[in-house]
Amino acid sequence: YPVYDSLSPHLKQMSSLMILKKDLESVPYLSSRFLSIEEQASVAVQCKVLDFGRGEVVDIDNTGIEDLERGILVFRQGLAFGYDYYSESIFRTVFLTRGKSFGSYKVLVEDGNWRAKARLKFMTFSTVTFIPRKAVLTVLNTNKSAWKESGRWRYFQALLLSKNIRVKQRI
């Protein structure tokens with residue numbers, strides 16, 4: 001939005017939150033259940049909205065998405081088919097539609113400990129919100145409740161998957 005650059009830092013945070021609130025709510029440890037409005041706004045101002053064309057393929061490795069770092073993708077519109085590879089024999093397939101997030105557990109694992117790869121194939125024109133890893137880790141370091149009640153369980157699930165241990169129930 002052209003007027004965005006002329007806003008004060010506080011108004012930038014609040015306007016970003018108003019636009020991206022639904023996207024943040026789709027990630028359990030970034031939801032209003034755990035984070036205050038100010039904490040959510042500090043995350044929202046760091047997010048980017050990305051567009052992908054029909055047929056586009058995006059490979060995600062342990063460094064992140066192409067020119068972006070590691071992070072979470074939240075689908076605003078569109079449809080994608082995703083493959084999450086944990087090893088040659090263990091992978092997960094997902095359909096990603098509006099309101100679904102991708103990578104909310106992998107983003108918590110330390111650099112070097114996550115070796116899984118992922119590939120997203122966009123079936124239609126899609127718009128996604130990219131939430132950078134550094135924004136997630138910053139807010140989880142300051143909000144211990146979000147980490148203890150939600151984040152650490154996603155972290156645990158990611159570690160199990162990275163060690164090729166199958167998780168029967170969704171945590």
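Residues numbered from 1 in each chain as written. Predicted model: local features only at pLDDT ≥ 70, side-chain atom pairs only at ≥ 80, totals over all residues. Heavy atoms only, no water.

(A) Region of interest: the nonpolar core. Counting residues in hydrophobic clusters, the biggest one holds 26 residues, and the most contacted among them are Y29, L30, I72, I131 and V136. Every element with two or more residues in this core is listed here: helix 1 (9–25), helix 2 (37–44), strand 4 (71–77), helix 3 (133–142) and helix 4 (144–162). Counting residues per element, this core draws most heavily on helix 3, which supplies 4 residues. Ranked by size, the runner-up nonpolar core spans 17 residues in total, among them L68, F75, F122 and F130. (Core = buried A, V, L, I, M, F, W, Y, C linked by side-chain atoms within 4.5 Å. Buried < 20%, exposed > 50% of the residue type's maximum accessible area, 1.4 Å probe, protein only. Helix = DSSP H or I, 4+ residues; strand = E, 2+ residues; numbered from the N terminus.)

(B) Representation of helix 1 in the model. Taking 1.5 Å as the rise per residue, helix 1 with 17 residues should run 24 Å; its terminal C-alpha atoms sit 22 Å apart, in good agreement. Among all positions in helix 1, only S15, S16, L17, L20, D23 and L24 are buried. Contacts made by the buried residues of helix 1 are with helix 2, strand 1 (48–52), strand 4 and strand 9 (126–132). (Expected span 1.5 Å × (residues − 1). Contact = heavy atoms within 4.5 Å.)

(C) Inspection of helix 2 at higher detail. Those residues of helix 2 that sit buried are E39, Q40, A41, V43 and A44. Residues of helix 2 that are buried make contact with helix 1, strand 9 and helix 3.

(D) Main features of the packing of helix 1 against helix 2. Between helix 1 and helix 2, the shortest axis-to-axis distance is 8 Å and the interhelical angle comes to 90°. When the axis of helix 1 is compared with that of helix 2, the two are roughly perpendicular. Judged by residue contacts, Q13, M14, S16, L17, L20, K21, L24 and E25 of helix 1 engage I37, Q40, A41, S42, V43 and A44 from helix 2. (Axes fitted to C-alpha atoms, helices over the stretch in contact; angles between N-to-C directions. Parallel < 35°, antiparallel > 145°, perpendicular 65-115°, else oblique.)

Remember, this is a structural readout, not a statement about activity or role.
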